[in-house]
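These are the residues of each chain, in order.
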Amino acid sequence: MGCDVAAIHSSNSEVVGEVWRSCVKFPPLTTRPTVAGISIFPFRQPPPLCAFLFVIVLFVATFYTLHHPDATPHLFSRNSHNSLSLRRLFLSSASNATISSYLRALTRRPHLAGTKPSLDTLNYVLNHFQSLGLETHVAEYEALLSYPAHISVTARFSNATTVEFDLNEPVVYDAPGGDDPSSSPVVRPYHSYSPSGSAQGNVVFVNHGEERDYRALESIGVSVRNCVVLARKGDSLGRGGIVKIAETKGALGVLIYAENDGGGTGGIERGTVMRGIGDPVSPGWPGVVGGEKLSSEDDRVTRRFPKIPSLPLSRHNAEIVLASLGGARAPVGWRNSGRVGSGQRVGPGRTVVNMTYQGEMKMKKIHNVLATIRGTEEPDRYVILGNHRDAWTYGAVDPNSGTSALLDISRRFALLLKSGWRPRRTILLCSWDAEEFGMIGSTEWVEENVVNLGASAVAYLNVDCAVQGSGFFAGATPQLDRLLVDALKLVQDPDAVGLTVEDTFKSQNNIIERLSRVDSDFSGFLHHAGIPSIDMYYGADYPVYHTAFDSYDWMIRNADPLFHRHVAMAGIWGLLGILLADEPVLPFDYISYAEQLQAHRDALSKLLEGKVSVNPLSVAIQEFSFVAKEAADEAKRLKEQAYSKENVAAAAKRRELNDRMMLSERGFLDAEGIKGKEWFKHLVYGPAAEPESKLGFFPGIADALAMNSSEGVIEHEIWRVARAIQRASKALKGGFT
């Protein structure tokens, strides 16, 4: 077989690829991961003649490349063939054994933010990025963190017996410290930022501790004033909200237990009760080293913390208290539900609890690690992938399943870089610190870089707990829905041979949630800076959340023994990064956003029952829909043009459209923010200040409805959202009025 040098001149990489592909059958794009580094797919050895020809062609191609570099196209030039090759190479370089080794190293010791072991994980991530040759730096901040010094809970029952509850967890499978729980390196169960103090009083069970639960108690004549309340943590109200409501009802203290107690192991759920996110002594500005810090006595600081102490309790200990309660019979809806004790009583009776929490507030340095992969054509546009690194305990699920996936993505990106790939836009890989205390690391970074983020951030892709169990779940801003589904189509489902993640997602869940919640690092990016965002995870829930049992051993016994789900998540996450960084026209779909806004308007209209007009929203959404269609048509025309770096005019048109699509999300921000939570600026998706808000969108309107505000107040909030949608429309359309 002869060698056509002219053919190599036109495209040497294609010739090499065609010779090799003619001899070897590649697996499909949605490759299965490897087990211990061994491919699940059989790989056929090429015949000797094909191998010989491949070596000859590769030698000639390499020789020509070295002597004619300008005449040789980029290995990953931007056409559909090479885009497919790039994605194939990224997916096929997965290794579950490698991800497993990362997770094992990260979870050898507990690594609560601000403690010495947390520096070990800092250095591990830093050294990993640097070893790959990635441009890496550390962004350091100072923050006020909260730690326990002493905790105790004692109960005195009606028969005059007294029990001091054991607040230690049983020994973890493979944790250091032997059989003595007191020698465990795990921090004792506590609520960070709870005020120090003691509370003694009769116990009242308040179910989930929501306003409606207190109304149910009031209907049977039960008050919690001067009592200690016992609450079971639910899905709709966080521990900080439980304590806040109890405080307003006159309770002296709060005990909270989780119905999932580590899968029957006796685990106790830690967590924060601080209100809001970010460093409490630098609210609204970055807590840079040497920067301004408020006094801990400043009202802007103290209002972030509860006024009454709270502690977590194991389910076992909670059930002892529940079984002892006298007083009123439980509300009808609570009876025989497993929520209350066998006596079906809620108190207050003769059971008295004495709880004590002594804590320490300390200024600590926290460290974000960032690795940068510079873009070649638009280096000033950024696609950001982020995960936090700190954990309450060992953190195998939360958050280091995500950390290990991020490290594997960086390894695979490094392989692509060695193969000649360079992204069009810059990619940032971010490892945040102190998330568990209230998204502090990411929030401080967003506050420090908010202007540059507003000008140049394309999207933020967040993974906190990569693997909690089975089933793929995601939340996103609507313009990223289609992109997310497209990525799911490319990745093999980890639990169903022959199916993609999109196949199983469509049949099992098929709901992309909206990101109004405030429970991970996407919050600062979306709610404060207006950056389009995605948050993803495997598994709806898991029983060892924030307990000492969130260990590597639990992961391999329960959630992901072969790390197939980790591989799938890393594949989805990394592909999203590649697509957003490499596509000449950003893969945003604002028609989807317009449809979602219309659905929100319809739901609001139904809730209002005609009492207040939603016409301002209707008009604004109609305009947004028209502009979204124009942008989609423009994007289609630009995609149909043959791509060429030399076509300056086409590049300018793409850049201008991309900027409009990137900036449109910023239009939903409002300088005044959400009333009562002014740091949160997004008027479409953001946290409602009122826990009983009935909408998962339009937080200002939701709060006005929850507080039974006047029609004038509700109408004003509707106009605020309408104006935000109009701003987004103008940004997407471009130009000036």
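Since the structure is predicted, the reported quantities are computational estimates derived from the model, not experimental observations.

It is worth spelling out the overall build of the protein chain at this point. A tally of helices and strands in the protein chain yields 22 helices and 19 strands. Counting over 737 residues, the protein chain shows a buried share of 57%. For the protein chain, the proportion of contacts with a sequence separation of at least 24, taken over those separated by at least 6, is 79%. Carbon and sulfur atoms form 53% of the exposed surface of the protein chain, whose accessible area is close to 29400 Å².

This part is about the nonpolar core. Ranked by size, the top nonpolar core spans 119 residues in total, and within it Phe413, Phe472, Leu484 and Met536 carry the most contacts. Of the residues forming this core, the biggest block, twelve residues, is contributed by helix H17 (residues 564-582). Among all residues touching Phe413, those that are not within four sequence positions of it are Phe90, Ile373, Trp421, Ile427, Leu429, Gly574 and Ile578. By size, the runner-up hydrophobic cluster in this structure holds 82 residues, among which are Phe165, Val273, Val301 and Ala457.

On inspection of all chains with the given rule, the structure shows 44 salt bridges. Between Arg374 and Glu135 there is a salt bridge, with its nearest N and O atoms 2.8 Å apart. Here Arg374 is found in the loop between strand S13 (352-373) and strand S14 (378-388), whereas its partner Glu135 is found in strand S3 (residues 135-156), with 239 residues between them in sequence. Arg374 gets classed as partly exposed once you look at its relative accessible area, which sits at 41%. Connected through shared salt-bridge partners, Glu377, Glu378, Asp380, Arg381, Arg424, Arg425, Arg655 and Asp659 make up one network.

Now for the packing of helix H21 (residues 699-706) against helix H22 (residues 711-733). Helix packing geometry: the angle between the two helix axes and the distance between the axes. Remark: H21 packs on H22, axes separated minimally by 8 Å, with the N-to-C direction vectors making an angle of 170 degrees. Accordingly, the angle class assigned to the pair H21 and H22 is roughly antiparallel. Across the interface between the two elements, Gly700, Ile701, Ala704 and Leu705 of H21 pack against Val713, Ile714, Glu717, Ile718 and Val721 of H22. Across the contact of H21 with H22, the residue classes tally to seven nonpolar, one polar and one charged.

With that settled, the discussion passes to the confidence of the model for the protein chain. Any segment with low pLDDT has predicted coordinates that should not be analysed in fine detail. Confidence in the prediction for the protein chain averages 88 pLDDT; 86% of positions are at 70 or higher. Residue range residues 50-77 is modelled with pLDDT below 50. Its contacts to residues more than four positions away, or to other chains, number 43 contacts. Confidence over residues 176-182 falls short of pLDDT 50; this stretch has ten contacts with residues more than four positions distant or in other chains.

Moving on to empty space enclosed by the protein. Summed over all chains, the structure comprises three cavities of 30 Å³ or more. Here the second largest cavity defines a volume of roughly 50 Å³. Lining the second largest cavity are His191, Lys233, Arg239, Ile256, Tyr257, Ala258, Glu269, Pro312 and Leu313. Considered class by class, the residues forming the lining of the second largest cavity number five nonpolar, one polar and three charged.

What follows deals with helix H16 (residues 552-559). The set of residues buried in H16 consists of Tyr552, Asp553, Trp554, Met555 and Ala559. Looking at the buried residues of H16, the elements they touch are helix H4 (96-106), helix H10 (400-418), strand S16 (457-467) and H17.

Glancing now at unusual backbone geometry. In this model, Gly347 is joined to Pro348 through a cis peptide bond whose omega is -5 degrees. Looking along the chain, the bond that leaves Asp398 and enters Pro399 is cis, with omega of 10 degrees. Mapped onto the elements of the fold, Pro399 is located in the loop between S14 and H10. Even without being glycine, Glu609 reaches a positive phi, approximately 55 degrees. Looking at where Glu609 falls in the secondary structure, it is placed in the loop between helix H18 (590-608) and helix H19 (615-640). On the basis of relative accessible area, Glu609 is assigned to the exposed category, the value being 60%.

Our focus in this paragraph is the side chain of His527. Structurally, the position occupied by His527 is in helix H15 (residues 522-528). Residue class for His527 comes out buried when judged on its relative accessible area of 0%. A polar contact is formed between the side chain of His527 and the backbone oxygen of Leu515, at a distance of 2.7 Å.

Right, let's talk about the pairing of strand S15 (residues 425-432) for a bit. A large share of S15 lies buried, amounting to eight of its eight residues. In terms of strand pairing, S13 meets S15 through five bridges, oriented antiparallel. From the neighbouring strand, Val369 faces S15, where its bridge partner is Ser431. Here eight bridges tie S14 to S15, and the two strands are oriented parallel to one another. Residue pairing across strands places Gly386 opposite Cys430, the latter belonging to S15. At this point the chain moves from S14, through H10, to the parallel S15, and the crossover so formed is right-handed.

Among the secondary structure elements, Ser520 is positioned in the loop between strand S18 (512-513) and H15. Reaching out from Ser520, the side chain makes a polar contact with the side chain of Asn462 at a distance of 3.0 Å. Those residues in contact with Ser520 that sit more than four places away from it in its chain are Glu435, Met439, Asn462 and Asp464.

Bringing the pairing of strand S10 (residues 310-313) into the picture now. Of the two faces of S10, the one carrying Ser310 and Pro312 and the one carrying Leu311 and Leu313 are both buried. Note that strand S8 (residues 253-257) and S10 share four bridges and pair parallel. The partner of Ile256 across the bridge, within S10, is Pro312.

Time to look at H22. Between the first and last C-alpha of H22 there are 33 Å, a value that for 23 residues agrees with the 33 Å anticipated at 1.5 Å per step. For H22, every residue scored as buried is listed here: Ile714, Glu717, Ile718, Arg720, Val721, Ala722, Ala724, Ile725, Ala728, Ser729 and Leu732. Backbone geometry just downstream of H22 places Gly734 in the positive-phi region, at approximately 85 degrees.

So, on to the packing of aromatic side chains. Two aromatic rings are characterised by how far apart their centres lie and by the angle between their planes. This structure, assessed with the given rule, holds 28 aromatic pairs. Note on Tyr460 and Phe525: the rings are 3.9 Å apart at their centroids and 5 degrees apart in plane angle, and the pair reads as stacked. Taken as a pair, Tyr460 in strand S16 and Phe525 in helix H15 lie far apart in primary sequence, 65 residues in all. Where Tyr590 meets Phe624, the ring centres are 6.1 Å apart and the plane angle is 75 degrees; that geometry is what we call edge-to-face. Residue Tyr590 is located in helix H18, and its partner Phe624 is located in helix H19; the two are separated by 34 residues in the primary sequence. Through a chain of ring-to-ring contacts, three or more aromatic side chains come together here, namely Tyr147, Tyr190, Tyr193, Phe305, Tyr357, Trp392 and Phe437.

Locating Ile99 in the fold gives a position in helix H4. Remark: the alpha-carbon pair of Ile99 and Ala405, spanning 306 residues in sequence, is separated by 6.5 Å. Those residues within four positions of Ile99 in sequence are excluded, and the remaining contacts are Ser404, Asp408, Phe563, His566, Val567 and Ala570.

Right, let's get into the environment of Val713. Summarising the element assignment, Val713 is placed in helix H22. Here Val713 falls in the partly exposed class, since its relative accessible area comes to 37%. As for Val713 and Gly700, which are separated by 13 residues in sequence, their C-alpha atoms are 9.9 Å apart.

The rules behind the values
Each residue is numbered by its place in its chain's sequence as written, counting from 1. pLDDT decides what is reported in this predicted model: residues at 70 or higher carry local features, side-chain atom pairs at 80 or more are listed and counted, and totals for whole chains, interfaces and linings draw on all residues regardless. As a rule here, side-chain values come from all non-hydrogen atoms in the structure, and water together with hydrogens is ignored. Numbering of helices and strands starts at the N terminus; helices are DSSP runs of H or I of at least 4 residues and strands are runs of E of at least 2. Between buried and exposed lies partly exposed: a residue is buried under 20% and exposed over 50% of the maximum accessible area for its type, with that area taken using a 1.4 Å probe on protein chains only. Contact between two residues is taken to exist if any of their heavy atoms lie within 4.5 Å; hydrogens are not considered. Shrake-Rupley sampling with a 1.4 Å probe provides the accessible areas, and residues are treated as covered by the protein chains on show and by no other component. We call a set of buried Ala, Val, Leu, Ile, Met, Phe, Trp, Tyr and Cys residues a nonpolar core when their side-chain atoms join them within 4.5 Å. For salt bridges, the criterion is a side-chain nitrogen of Lys or Arg within 4 Å of an Asp or Glu carboxyl oxygen. The convention used is that axes are lines fitted to C-alpha atoms, helices contributing only their stretch in contact, and that angles between N-to-C directions extend from 0 to 180 degrees. Any angle that falls under 35 degrees is termed roughly parallel, while one over 145 is termed roughly antiparallel, one within 65 to 115 roughly perpendicular, and all others oblique. Each residue is assigned to one of three groups, with Ala, Val, Leu, Ile, Met, Phe, Trp, Tyr, Cys and Pro labelled nonpolar, Asp, Glu, Lys and Arg labelled charged, and all others, Gly among them, labelled polar. For every residue, the predictor reports its confidence as pLDDT, a number between 0 and 100. Using a grid of 1 Å spacing that covers the protein atoms alone, one calls a set of points a cavity when a 1.4 Å probe fits there but cannot get out, and a pocket when the set is open and has protein on both sides within 12 Å along at least five of seven lines; lining residues are those with an atom within 4 Å of a point. Grid points are joined across faces, edges and corners, and a volume is the space filled by probe spheres set on the points. N or O atoms within 3.5 Å of each other form a polar contact, as long as, within protein, one can give a hydrogen and the other can take it, and as long as residues adjacent in sequence are counted only when both atoms are side-chain atoms. Note: two strands are recorded as paired if DSSP finds a minimum of 2 bridges between them. Crossovers are described as right-handed under a simple rule: with the strands pointing away from the observer, the path leading from the first strand over the helix to the second runs clockwise. How far a helix is expected to stretch is found by multiplying one less than its residue total by 1.5 Å. Note on ring pairs: Phe, Tyr and Trp rings are taken, using the six-membered ring of Trp, and paired if centres are within 6.5 Å. Classes follow the plane angle, with under 30 degrees stacked, over 60 edge-to-face and the rest tilted.

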